Amino acid sequence: MKQVVLLASLFIFSGRCPLFAQQLTSPDGKLAVTVTVDKGGVPKYAVALNKTVVLAPSALGLMLYDLDLSYGLKLVATSPVTAVHDQYSLVSGKKATNVYDANKAVYTFEDRSGNKLAVVFQVSNDGVAFRYQFLGSPEIKLVRAEYTSFKLPDSARAFLQPLAVAKSGWEHTNPSYEEHYAQDVPVGTPASLGAGFVYPALFKVNNNWLLITEAAVGAAWCGTHLDCDSGRSTYKVAFPDSREVVLDGGLYPQQPMNGFSPWRIITVGSLKTIVESTLGTDLADADPIGNTSYIHPGKASWSWINSKDDFIVYDEQHKYIDFASDMHWQYCLIDVNWDRNIGYDKIKELADYAKGKNVGLILWYNSAGDWNTVKYTPRNKLLTSEARKKEFAILQSMGIKGVKIDFMGGDGQSVMKYYEDILRDAAAYQLMVNFHGATLPRGLSRTFPNLVTQEAIMGMEFVTFDQRNANAQANHATMLPFTRNAFDPMDFTPMNLYKLNTNVVRKTTSAFELATTVTFLSGVQHMAESPDGMSHVPAFAKEYLRNLPDTWDETRFIDGFPGKLVVLARRSGSKWYIAAMNGENKAKQLRIDLSFLKNRQGNLMTDDEVDLLKQATVNIPANGILPAELKPNGGLVMVIE
C-alpha cells in the first residue's frame with residue numbers, strides 16, 4: 001500500500017523512550033498530521049495540506065477527576081498505519097451511499113507515574129479526525145476538562161455562530177443554537193454573547209477552508225463548543241455551562257477506562273470539499289436500533305408557522321391535512337397545546353382522516369421538567385422511560401408517525417443521554433423524532449435513523465417574529481450549507497412563496513424561497529407555506545413541489561461563498577436539481593458550470609419582474625457554462641432530465 005510505504009517509519013515502540021515527531025497522511029498523500037510533544041511534555045498535533053500548514057502545533061490532552069494528562073507526557077508508542085474503510089447508507093442526506101477511507105494510527109503518551117493516554121488519528125482525503133482513549137483500570141471516571149485546541153494562522157478569517165448563555169432568552173430556553181453568524185471576522189474576535197461558539201465552526205486559511213465539529217458524542221459524554229481568548233488565533237474545546245443538565249443528571253463526561261471520547265473533526269480543503277464532505281456522519285456511530293422500515297423521509301404541512309398558537313384547533317389542522325394531501329406531502333405537523341385545544345380523541349379522528357388522505361400526523365411535545373419555564377403542553381410526559389413508553393404506545397395505537405420535542409436543555413452529559421433515551425424509546429414504538437430548541441445533532445441521525453431532523457438554527461419562525469431577522473434572512477440562509485447543514489439534517493422550516501401571515505415583510509424573493517427546497521437538507525422538510533399562500537403560486541411551481549424528491553443520491557457544489565452565494569446540484573435518479581441563492585441585496589450575473597450536464601435540456605424557475613415565479617426551458621451549451629441572473633436576495637431552481 002503506497003501510504004504505508006510513505007509512512008514506513010511508523011512502527012510500534014514501547015517503554016519510556018520518547019519518540020520523535022510522527023506523521024500520518026491521507027490516502028492521496030495531500031493531507032498530513034504531525035504529532036509531537038513540546039518541551040513541557042504537552043502533546044501536540046499540526047495539520048498541513050499540500051505541505052502548507054493550516055493548523056500550527058495545537059494542544060491535546062484531558063483532565064480526569066484526579067489525573068491531569070495534558071502536560072509532562074512523553075510519546076512512547078505509535079501503532080502501525082492501518083487502512084480504514086466504511087460504506088454505509090443514510091435514510092436521508094447529501095447522498096444515498098457514503099464511503100469513508102482513511103489512514104489510522106494510534107499515538108500513546110505516558111506520564112512519569114505510568115498513566116497512559118492514547119490518541120487515535122484518522123486522516124482521509126477530506127479531513128482529520130481524532131479521539132482520546134484513557135488506558136487504565138476498568139472503572140469510570142469523570143472528565144473535568146479537555147485541552148484540545150486549534151491554532152490557526154493569525155491571518156485566518158472566521159465564520160462562527162455565537163453560543164447563547166445557558167438559561168437566558170425566552171422562558172430560560174437557551175442555549176438552542178439559534179443565533180446569527182459572525183461572518184468573515186478576524187480569528188480571535190470575541191464571542192458576542194460571551195459564551196463561546198458552536199459547531200460546525202468555519203475558518204478560511206489563505207486559499208483553504210477548515211470546518212471544525214465533533215461526532216459520536218454518545219450518552220456518556222457531553223456536547224462541547226469552542227472558545228478563544230480575545231485577539232488570539234487559538235480556539236479551544238470547552239465544556240458546557242454547569243446549568244446545562246436535566247433530570248438531576250450529570251454535566252461532565254463519564255469516561256470508562258479504555259472507552260473513547262467523541263471524535264474531533266477538521267474538514268480541510270476547498271469550499272467544494274466542505275460542502276460535499278460527509279465526515280460528520282462518517283465518524284458517527286452506526287445504527288443500533290435495527291428496524292428502520294417505518295422511517296420515511298418526506299415533506300410536511302405546518303399551520304403554526306403561519307397562524308401560530310391560537311389556531312392549533314381541529315378545523316385548522318383538518319385544513320392543513322387537506323393541504324398536505326393536495327401537495328402530495330406525506331405529513332402534517334400539529335404543534336403546541338394540541339392536547340388541550342383538540343384532545344386525544346379528536347387527534348385520533350384527525351389521524352384516521354389523514355390516513356385516508358395518505359398523510360401521517362406528527363405531534364408536538366414540551367420536553368421539559370424543571371430546565372425551562374415554558375407552559376406549552378403536552379408537558380412532562382417524556383421525563384422517564386416508563387412515562388415515554390406509556391405515551392408512545394398511545395401514539396402508536398392512534399397511528400401517529402412522529403413527534404416533535406422542544407426545549408431540550410443544553411449540552412451536559414445528562415442532556416446527551418436524554419436525547420438517546422428518547423430516540424431508543426421512540427424507535428421501540430416506530431416513531432420518527434424531530435428535536436427543537438435543541439443542540440447540534442453531531443451525526444446522531446446516522447446512529448438513530450428515526451431522528452429525521454433537528455432544529456438548532458435560527459429558522460423561518462424567527463423571520464416571522466422580527467423584521468430584523470427577515471432583513472438578514474438571505475445572508476443567514478446562504479451561510480448554512482457551509483456550516484450548520486454541512487453534515488446534519490436541519491429543520492429550518494423553509495419556503496414561504498407568497499407572503500408571511502404576520503406584520504413582517506419577507507425580503508427574499510419567491511425563487512430564493514423555492515431554492516431552499518433543494519439547498520436545505522432535512523429528513524422531513526416542514527414547509528412554511530399556507531393553503532391560501534399556495535393558491536397564489538403558479539401551477540408549474542406546485543407541480544414541481546408535488547414531485548420534488550424526498551432523498552438525494554448525489555450532491556455537487558458548483559459555486560458560492562458563505563453568506564453571499566450558494567449554487568448546488570443534487571441528483572435523484574436520473575434527474576438533477578440545481579439551486580442558487582443570492583445572499584446579498586444586489587443583482588448577480590452568474591456563469592454556472594454545468595459541464596457534467598452539457599448538451600442537456602431542463603426547466604428553469606426564477607423571479608420575474610414583480611417577484612413572482614416564472615419558468616423557461618434552458619439548454620446547457622456544449623461548453624457546459626450556463627449564464628444566469630439572480631435578483632437581489634433572489635434565486636433559481638433548474639430541473640434537468
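Computed from a predicted model, the values in this text were never measured in an experiment. (Residues numbered from 1 in each chain as written. Predicted model: local features only at pLDDT ≥ 70, side-chain atom pairs only at ≥ 80, totals over all residues. Heavy atoms only, no water.)

So, the overall build of the chain
Then comes step 1: A count of helical and extended segments in the chain gives 16 helices and 36 strands.
Then comes step 2: Relative to the globule expectation of 26 Å for 641 residues, the C-alpha radius of gyration of the chain, 25 Å, shows essentially globular dimensions.
Then comes step 3: Buried residues in the chain amount to 61% of all 641 residues.
Then comes step 4: The contacts in the chain between residues at least 6 apart in sequence include a share of 71% that link residues at least 24 apart.
Then comes step 5: Within the structure as shown, the chain displays about 23400 Å² of accessible surface, and the carbon and sulfur contribution to it stands at 50%.
Then comes step 6: A gap of 5 Å separates the mean positions of the 63 positive and 66 negative side-chain charges of the chain. (Helix = DSSP H or I, 4+ residues; strand = E, 2+ residues; numbered from the N terminus. Rg over C-alpha atoms; globule rule 2.2 N^0.38 Å. Buried < 20%, exposed > 50% of the residue type's maximum accessible area, 1.4 Å probe, protein only. Contact = heavy atoms within 4.5 Å. Areas by Shrake-Rupley, 256 points an atom, 1.4 Å probe, with all protein chains shown as cover. Lys, Arg positive; Asp, Glu negative; His and termini not counted. Charge placed at Lys NZ, Arg CZ, Asp CG, Glu CD.)

A closer look at the environment of Lys-44
Then comes step 1: Looking at the element boundaries, Lys-44 is found in strand β3 (residues 43–49).
Then comes step 2: Considering only alpha carbons, one finds Lys-44 and Ser-149, 105 residues apart in sequence, at a separation of 9.0 Å.
Then comes step 3: Within the local environment of Lys-44, its side chain forms a polar contact with the side chain of Asp-38, the two groups lying 3.5 Å apart. (Polar contact = N/O pair within 3.5 Å; in protein donor to acceptor, adjacent residues only side chain to side chain.)

Overview of the pattern of salt bridges
Then comes step 1: A complete count under the given rule lists 29 salt bridges for this structure.
Then comes step 2: Among the salt bridges present, the one from Lys-299 reaches Asp-550, with a minimum N-O distance of 2.4 Å. You can see Lys-299 sitting in strand β22 (residues 298–302) and its partner Asp-550 sitting in the loop between α16 (539–547) and β29 (554–561), a full 251 residues away along the chain.
Then comes step 3: Judged by its relative accessible area of 5%, Lys-299 is buried.
Then comes step 4: Overlapping salt bridges, with partners in common, bring together Glu-146, Glu-214, Arg-264, Asp-411 and Arg-442 in one network. (Salt bridge = Lys/Arg side-chain N within 4 Å of Asp/Glu carboxyl O.)

Considering the state of the cysteines
Then comes step 1: Using the criterion set out here, one finds zero disulfides in the structure.
Then comes step 2: The cysteine Cys-222 is free of any disulfide, with Cys-228 supplying the nearest cysteine sulfur at 19 Å. (Disulfide = S-S within 2.5 Å.)

Looking at the sheet that holds strand β20 (residues 254–256)
Then comes step 1: Pairing is antiparallel in the open sheet, where four strands are placed in the order β6-β5-β12-β20. Whereas interior strands pair on both sides, the edge strands pair on one side only; in this sheet they are β6 (67–69) and β20. Averaged over all neighbouring strand pairs, the angle between strand axes comes to 35 degrees, with direction disregarded.
Then comes step 2: Both strand β12 (residues 140–146) and β20 contribute to a ladder of three bridges, which runs antiparallel. Paired with Leu-142 across the strands is Gln-254, a residue of β20. (Pairing = 2+ DSSP bridges. Axes fitted to C-alpha atoms, helices over the stretch in contact; angles between N-to-C directions.)

What to know about the environment of Arg-468
Then comes step 1: With respect to the helices and strands, the residue Arg-468 is situated in helix α12 (residues 467–471).
Then comes step 2: Once the C-alpha coordinates of Arg-468 and Tyr-320 are considered, the two residues, 148 residues apart in sequence, prove to be 29 Å apart.

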